[in-house]
Amino acid sequence: TNQTPADLSVKLYDKEIENNDATRIEVRLVDKVNNVLRFDSSVLSIDVTNAELLCPNVVSLYGGEYAFYVRATQKGKVSVKLRCANFEKEISFEVK
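Worth saying up front: this structure is predicted, and the values here are computed from it rather than measured. (Residues numbered from 1 in each chain as written. Predicted model: local features only at pLDDT ≥ 70, side-chain atom pairs only at ≥ 80, totals over all residues. Heavy atoms only, no water.)

**Quick notes on the overall build of the protein**
The helix and strand tally for the protein stands at 0 helices and 9 strands. Helices and strands in the protein line up, N terminus first, as β-β-β-β-β-β-β-β-β. Since a compact globule built from 96 residues should have a radius of gyration of about 12 Å, the 14 Å found for the protein is in line with a globular shape. The C-alpha extent of the protein, read off along each of the three principal axes, is 45 × 25 × 20 Å. Counting all 96 residues of the protein, 34% fall into the buried class. Restricting to contacts in the protein with at least 6 residues of sequence separation, those with at least 24 account for 53%. Split by element, the accessible area of the protein, about 5600 Å² in all, is 43% carbon and sulfur. When the 13 positive and 14 negative side-chain charges of the protein are each reduced to one mean point, those points stand 2 Å apart. (Helix = DSSP H or I, 4+ residues; strand = E, 2+ residues; numbered from the N terminus. Rg over C-alpha atoms; globule rule 2.2 N^0.38 Å. Buried < 20%, exposed > 50% of the residue type's maximum accessible area, 1.4 Å probe, protein only. Contact = heavy atoms within 4.5 Å. Areas by Shrake-Rupley, 256 points an atom, 1.4 Å probe, with all protein chains shown as cover. Lys, Arg positive; Asp, Glu negative; His and termini not counted. Charge placed at Lys NZ, Arg CZ, Asp CG, Glu CD.)

**What to know about the sheet that holds strand β1 (residues 7–12)**
Sheet architecture is open: 4 strands sit in the order β1-β3-β7-β5, paired in antiparallel fashion. A strand with exactly one partner marks an edge of an open sheet, and here the two such strands are β1 and β5 (51–53). Each strand axis lies, on average, 25° off the axis of its neighbour in the sheet, ignoring direction. (Pairing = 2+ DSSP bridges. Axes fitted to C-alpha atoms, helices over the stretch in contact; angles between N-to-C directions.)

**Considerations on the nonpolar core**
One finds I46, F68, V70 and V80 to be the most contacted residues of the largest nonpolar core, which totals 24 residues. When residues of this core are traced back to their parent elements, those giving at least two are β1, β3 (22–30), β4 (43–49), β5, β7 (65–72), β8 (76–84) and β9 (87–95). Ranked by residues supplied to this core, first place goes to β8 with 4 residues. Setting aside anything within four residues of it in sequence, one finds V70 in contact with D21, A22, T23, I25, V48, A51, E52, L53, V78, V80 and F93. (Core = buried A, V, L, I, M, F, W, Y, C linked by side-chain atoms within 4.5 Å.)

**Here's the deal with the sheet that holds β9**
Strand order in the open sheet formed by 5 strands is β2-β9-β8-β4-β6, with mixed pairing between adjacent strands. Since the sheet does not close on itself, it has two edges, and those belong to β2 (16–17) and β6 (58–60), each with one partner.

**A few points about unusual backbone geometry**
Of note, N34 is a non-glycine position whose phi angle comes to about 70°, a positive value. Looking at the secondary structure, you find N34 in the loop between β3 and β4. Despite not being glycine, N86 shows a phi value in the positive range, around 70°. Mapped onto the elements, N86 comes out in the loop between β8 and β9. A relative accessible area of 86% places N86 in the exposed class.

Structure follows, in structure tokens:
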């Protein structure tokens, strides 16, 4: 199997949440056919705007993946920027 990173896959559990609620975000480093790179422990940087990150902002992937929670602290748009293994992704969700 090819163990070359091809993408940073991100799954956001909620597109919209209530204030003071939290949502889960999963990050996976995958190869070109979307297999998780199970032996990868690259560093993942997480930057959150307009919400509280419920983990350290710099972590290592565990088995090629990492999951964390973000808690809403105010109404409006929350953005989460992720950087890992030369890939950068940004996702966002709304707080009602």
